[in-house]
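Summary of structural features
Spelled out from the first residue to the last, the chains are:
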Amino acid sequence: MAAGSILGIETSCDETAAAVVRAGEKLLSNTVSSQIATHQPYGGVVPELASREHLRAIVPVVRQALADAGESYESVDAIAVTQGPGLAGALLVGISYAKAIAFALNKPLITVNHLEGHIHAVLLEQKQKGEFQLGFPVLALVVSGGHTHLFLAEERAHGWAYRNVGRTRDDAAGEAYDKVAKLLGLGYPGGPVIDALAKKGNPAAVRFGPSQIKHPNRGTPRDQQTEFDFSFSGIKTAVLRYVQLEGMADAVTARQQKLAAIAKPRAEDVLPLCDQKTLDLVASFQRAVVRDLTGKTLAAAVELGARTLFVTGGVAANSELRETFETEAARAGVPAYFPSRKLSTDNAAMIAAAAYPKFLARDFASPDFSAEASLALR
Ligand code: KG4
Ligand code: ZN
């Protein structure tokens, strides 16, 4: 059996990423080229621009990942690529390149679901630390700019089987962070800046009601209904209404103008531009989102008898979310695991790691597969 060095490629959203992981647990390299500067002026990812940027970055990023790993195109044992979910045009760049090199090198090609990738980011790092006993079922909260999903995972002969037990009915949690940051003139992406600013505000200053899901499962086919759903569009509207009622709109515009002059604004640049009222609003928004995510996830864990909790995806980088999950999960007696911050957001190490069980099972992709923007995880 080959050592199982897998080159992973990830282009589902706005990061062009490549990595080499050996045997699903040894991280040899992890290259991520971010497009934040490209999308910053728009306050969100522009799909057309994302595809163009991937096309520009894909070859150098893969070369860098191979060089950092001390590997070559010839030495890796397989190529793994994200098939979906994500932006179709963005996914196609990674898929086309992965197909081309797999064909030219005569190497097996493995498709990976991006959401399973996020789950494997946790596994990869726990395995690296050694000593890791995993209790099943695992309840995984995948919470990012595009997703807020709860999966209950069981172990199977080759890999895991998933049941989707919860999802957002409207915006993803990361999307709410990005939209609230945009409407407060805090820059893009919203998560890291709100995370930092919230530490300076009073989280009890503004009261946001618990998210209300008004029409449970209406219109959803029975076999796609989920029990533990989220909703984040209401809180975004509530923040907007607060800004209007409290007369904060002019201050937002002034901040936007000042930040537009800075190429890559960081939290340190934004903080002096915020009054206490804004910081309190930001802290209160974050507290409400964190309460909602932890409350519903732990209720699901208890009801479904989960023995382990995984929290992963871009929003899992949030400091308050991590702290609250750690405390609440300990109270519920369920061990909770997160990826490091670097592996919380999109990367290709998670794709290469998730491909390893498929590599062992020789579950290779047929040459005619394509991108699937709404690929489900099962
Ligand atoms: O996983 P990811 O890189 O891409 C998707 O698959 O969506 O997640 C990006 C999202 C963005 O919405 C970003 O604002 C959010 O993750 N994010 C955070 C933090 N860092 C990134 N949200 C809250 N706190 C953070 N520290
Ligand atoms: Zn992601």
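Figured I'd write up the structure that's included with this text. Fair warning: this is a prediction, and the values are worked out from it, not measured in the lab.

This part is about the pattern of salt bridges. Note on pairing: side chains with opposite charge can pair once their charged atoms come close. Evaluation of the coordinates by the stated rule reveals 15 salt bridges. Across the pair Lys-277 and Glu-246 runs a salt bridge, and its minimum N-O distance is 2.8 Å. One end of the pair, Lys-277, is in helix H10 (residues 276-304); the other, Glu-246, is in the loop between helix H7 (233-245) and helix H8 (249-260), and 31 residues separate them in sequence. Since its relative accessible area comes to 31%, Lys-277 is described here as partly exposed. Classification of Glu-246 by relative accessible area gives partly exposed; the value is 37%. Counted as one network, the salt bridges with shared partners bring together Asp-171, Glu-175, Lys-179 and Lys-236.

This paragraph deals with the pairing of strand S4 (residues 78-84). The buried fraction of S4 amounts to seven of the seven residues, a majority that puts the element mostly inside the structure. In the sheet, strand S1 (residues 5-10) pairs with S4 via four bridges, with the strands oriented parallel. When the sheet's bridge partners are listed, Ile-6 is paired in S4 with Ala-78. With five bridges joining them, S4 and strand S5 (residues 109-113) adopt parallel strand pairing. Paired with Thr-82 across the two strands is Val-112, which belongs to S5. Handedness of the crossover is the feature at issue here: the chain leaves S4, passes through helix H3 (residues 88-105), returns alongside S5, and the resulting connection is right-handed.

Along the chain, Ser-319 turns up in helix H11 (residues 319-332). Given the relative accessible area of 9%, Ser-319 is considered buried.

Take the site of ligand 1 next. The local shell around ligand 1 holds 19 residues, among which Gly-145, Asp-178, Gly-191, Asp-195 and Asp-346 are the closest. Within the backbone of Gly-191, a nitrogen or oxygen atom sits 3.0 Å from an oxygen atom of ligand 1. The fraction of the free accessible surface of ligand 1 (560 Å²) that becomes covered by protein chains is 91%. One can see that ligand 1 is located within the largest pocket. Listed by contribution, the elements that provide at least two residues to the shell around ligand 1 are helix H4 (114-129), helix H5 (173-183) and helix H6 (190-198). No other element matches the four residues that H6 contributes to the shell around ligand 1. Taken together, the residues that form the shell around ligand 1 break down as five nonpolar, eleven polar and three charged. When residues of the shell around ligand 1 are assigned to domains, at least three fall in each of domain 1 (5-124 + 343-360) and domain 2 (173-340).

Roughly 1400 Å³ of internal volume is contained in the largest pocket. Taken together, 48 residues form the lining of the largest pocket, with Asp-14, Glu-15, Asp-178, Tyr-188 and Pro-189 sitting closest to its centre. Top contributing element to the lining of the largest pocket by residue count: H5, with five residues. Classifying every residue of the lining of the largest pocket by side-chain character gives 18 nonpolar, 18 polar and twelve charged. The residue makeup of the lining of the largest pocket includes at least three contributed by each of domain 1 (5-124 + 343-360) and domain 2 (173-340).

Cut-offs and rules
- Per chain, residue numbering runs from 1 following the sequence as it is written.
- Numbering of ligands from 1 and lettering of chains from A proceed in the order in which they are written.
- Side-chain atom pairs in this predicted model are given and counted only at pLDDT of 80 or more, local residue features only at pLDDT of at least 70, and totals for whole chains, interfaces and linings cover all residues.
- Side-chain numbers here rest on the full set of heavy atoms in the structure, without hydrogens or water.
- Take a side-chain nitrogen of Lys or Arg and a carboxyl oxygen of Asp or Glu: if they are within 4 Å of each other, that pair is a salt bridge.
- Strands are runs of DSSP state E lasting at least 2 residues, helices are runs of H or I lasting at least 4, and numbering of each runs from the N terminus.
- Exposure categories follow from relative accessible area, calculated using a 1.4 Å probe and restricted to protein chains: below 20% of the type maximum is buried, above 50% is exposed, and the middle band is partly exposed.
- Pairing between two strands requires that DSSP report at least two bridges joining them.
- When the strands point away from the viewer and the path from the first strand over the helix to the second turns clockwise, the crossover is right-handed.
- Near is defined per residue: the residue qualifies when any heavy atom it owns lies within 4 Å of the molecule or strand.
- Definition of a polar contact: a pair of N or O atoms within 3.5 Å, with one able to donate and the other able to accept a hydrogen when the atoms are protein atoms, and with sequence-neighbouring residues admitted only if both atoms are side-chain atoms.
- Accessible surface area values rest on a Shrake-Rupley calculation with a 1.4 Å probe, where residue burial reflects the displayed protein chains alone.
- A cavity here means a set of points on a 1 Å grid, drawn over the protein atoms and nothing else, where a 1.4 Å probe fits but cannot get out; a pocket is an open set with protein on both sides within 12 Å along at least five of seven lines, and a residue lines either one if it has an atom within 4 Å of a point.
- To qualify as sitting in a cavity or pocket, a molecule needs more than half of its atoms within 2 Å of the grid points.
- Amino acid classes used here: Ala, Val, Leu, Ile, Met, Phe, Trp, Tyr, Cys and Pro are nonpolar; Asp, Glu, Lys and Arg are charged; the rest, including Gly, are polar.
- Reported domain spans reflect what an automatic or database domain assignment gives.
- Grid points are joined across faces, edges and corners, and a volume is the space filled by probe spheres set on the points.

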